[in-house]
Amino acid sequence: SQKIEQNSEALNIQEGKTATLTCNYTNYSPAYLQWYRQDPGRGPVFLLLIRENEKEKRKERLKVTFDTTLKQSLFHITASQPADSATYLCARSGGSYIPTFGRGTSLIVHP
Amino acid sequence: EAGVTQSPTHLIKTRGQQVTLRCSPISGHTSVYWYQQALGLGLQFLLWYDEGEERNRGNFPPRFSGRQFPNYSSELNVNALELEDSALYLCASSLLSVEETQYFGPGTRLLVL
C-alpha cells in the first residue's frame, strides 16, 4: 500500500523566516499532491494542489514543489507569521484510490 | 456559499451505545468522505460515498457504517461504542473529479466513557 510520510517533529522558526515542510511518498506516484492546514480541534482547510506534471505552484506566500524523481513535495511559507502556526497535512489524490493523508507536521512560528 | 456542516458538534456516550453523526456537503458536491482523527493521530479514512453508493471503505470494523441520501447528505453510524472510538470525526465533500480536492466540515467530537 502507498504511504504519505511527513516529519513528525514540530518545526520551530522565527517570524519572518521561510518555513519548509517535507512530504515523501512511497510505492507509486500520486497524480496529485495536496496541502491542507489544520488548526487544533478543527477540520483541515485546503491550501494548494500540485499535479505530477507541474514542478511548482504558488499562492501568495505559499509555494509547493513536486519532485517525482525524489518522490517528494516541499511546502514553503515565506515571511512566516505567528498566525501561520498550525499543523500542515500532505495528501495524495487522483483516480479511485482511497484518499491518503500524512500525519502532518506542526509548524510553530515564534514572534 | 455554505461550507460542509456537521452535527452535532460534541457528543458524550458510554461504552456499548450507538451514535449517529450527520454531514451536509457543499451544494453541488456529490462525494462525501468520513475520517476519524484520534487525539494526536492523523486522519484515518473511514468511508467514501458518491451518488448514494459506498465507493470505498477504510480498515475499520463493520460496526462503523453509513449511508448517503438522495440530497447527498450523509450519516455515519457507530454501533457498540468502545473507548477507543473517542475521536474527532470529520466529514469532507468534493466534486467527483480526478483531483478530489476535499472540503472539510468542523467535525464532531465524540467522547466515549
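Residues numbered from 1 in each chain as written. Chains lettered and ligands numbered in written order. Predicted model: local features only at pLDDT ≥ 70, side-chain atom pairs only at ≥ 80, totals over all residues. Heavy atoms only, no water.

Q: In this structure, what is going on with the overall build of chain B? I would like to understand it.
A: The number of helices and strands found in chain B is zero helices and 11 strands. Start at the N end of chain B and walk to the C end: the helices and strands fall as β-β-β-β-β-β-β-β-β-β-β. Relative to its length of 113 residues, chain B is compact, with a C-alpha radius of gyration of 13 Å against a globular reference of 13 Å. Summarising its shape, the C-alpha atoms of chain B cover approximately 40 × 25 × 25 Å along the three principal directions. Per-residue burial over chain B gives 50% buried out of 113 residues. Of the contacts made within chain B by residues no fewer than 6 positions apart, 53% connect residues no fewer than 24 positions apart. Split by element, the accessible area of chain B, about 5,300 Å² in all, is 52% carbon and sulfur. Here chain B carries 8 positive and 11 negative side-chain charges, and the mean point of each set is 11 Å from the other. (Helix = DSSP H or I, 4+ residues; strand = E, 2+ residues; numbered from the N terminus. Rg over C-alpha atoms; globule rule 2.2 N^0.38 Å. Buried < 20%, exposed > 50% of the residue type's maximum accessible area, 1.4 Å probe, protein only. Contact = heavy atoms within 4.5 Å. Areas by Shrake-Rupley, 256 points an atom, 1.4 Å probe, with all protein chains shown as cover. Lys, Arg positive; Asp, Glu negative; His and termini not counted. Charge placed at Lys NZ, Arg CZ, Asp CG, Glu CD.)

Q: Hey, could you run me through the pattern of salt bridges in this one?
A: This model, assessed by the stated rule, comprises 10 salt bridges over all chains. Across the salt bridge formed by Arg37 of chain A and Asp39 of chain A, the nearest N and O atoms sit 3.1 Å from each other. Of the charged contacts, one joins Arg22 of chain B and Glu75 of chain B as a salt bridge, the two residues approaching to 3.6 Å between their closest N and O atoms. Of this pair, Arg22 of chain B sits in strand β3 (residues 19–24) while Glu75 of chain B sits in strand β8 (residues 74–78), placing them 53 residues apart in sequence. Overall, Glu75 of chain B belongs to the buried group, its relative accessible area being 11%. (Salt bridge = Lys/Arg side-chain N within 4 Å of Asp/Glu carboxyl O.)

Q: Honestly, the sheet that holds strand β8 (residues 72–77) of chain A in this entry has me stumped. Any pointers?
A: Paired through their backbone hydrogen bonds, the strands of a sheet run either parallel or antiparallel. All names here are of chain A. Strand order in the open sheet formed by five strands is β1-β3-β8-β7-β6, with antiparallel pairing between adjacent strands. Unpaired on one side and paired on the other, β1 (3–6) and β6 (56–59) mark the two borders of the sheet. Taken over all neighbouring pairs, the strand axes of this sheet differ in orientation by 15° on average, direction set aside. In terms of strand pairing, strand β7 (residues 62–67) meets β8 through six bridges, oriented antiparallel. Opposite Thr65, over in β8, you have Leu74 as the bridge partner. (Pairing = 2+ DSSP bridges. Axes fitted to C-alpha atoms, helices over the stretch in contact; angles between N-to-C directions.)

Q: Explain the nonpolar core here, please?
A: One recurring pattern in soluble globular proteins: nonpolar side chains tend to sit buried together. Counting residues in hydrophobic clusters, the biggest one holds 22 residues, and the most contacted among them are Val19, Leu21, Trp34, Leu46, Leu76, Tyr89 and Leu110 of chain B. Secondary structure elements with two or more residues in this core: β3, β4 (31–37), β5 (44–50), β8, β9 (87–94) and β11 (108–112) of chain B. With sequence-adjacent residues up to four places away left out, Val19 of chain B is seen in contact with Leu11, Lys13, Leu76, Asn77, Val78, Leu81 and Leu110 of chain B. If you look at the next biggest cluster of nonpolar residues, it comprises 21 residues, including Leu33, Leu48, Leu62 and Phe66 of chain A. (Core = buried A, V, L, I, M, F, W, Y, C linked by side-chain atoms within 4.5 Å.)

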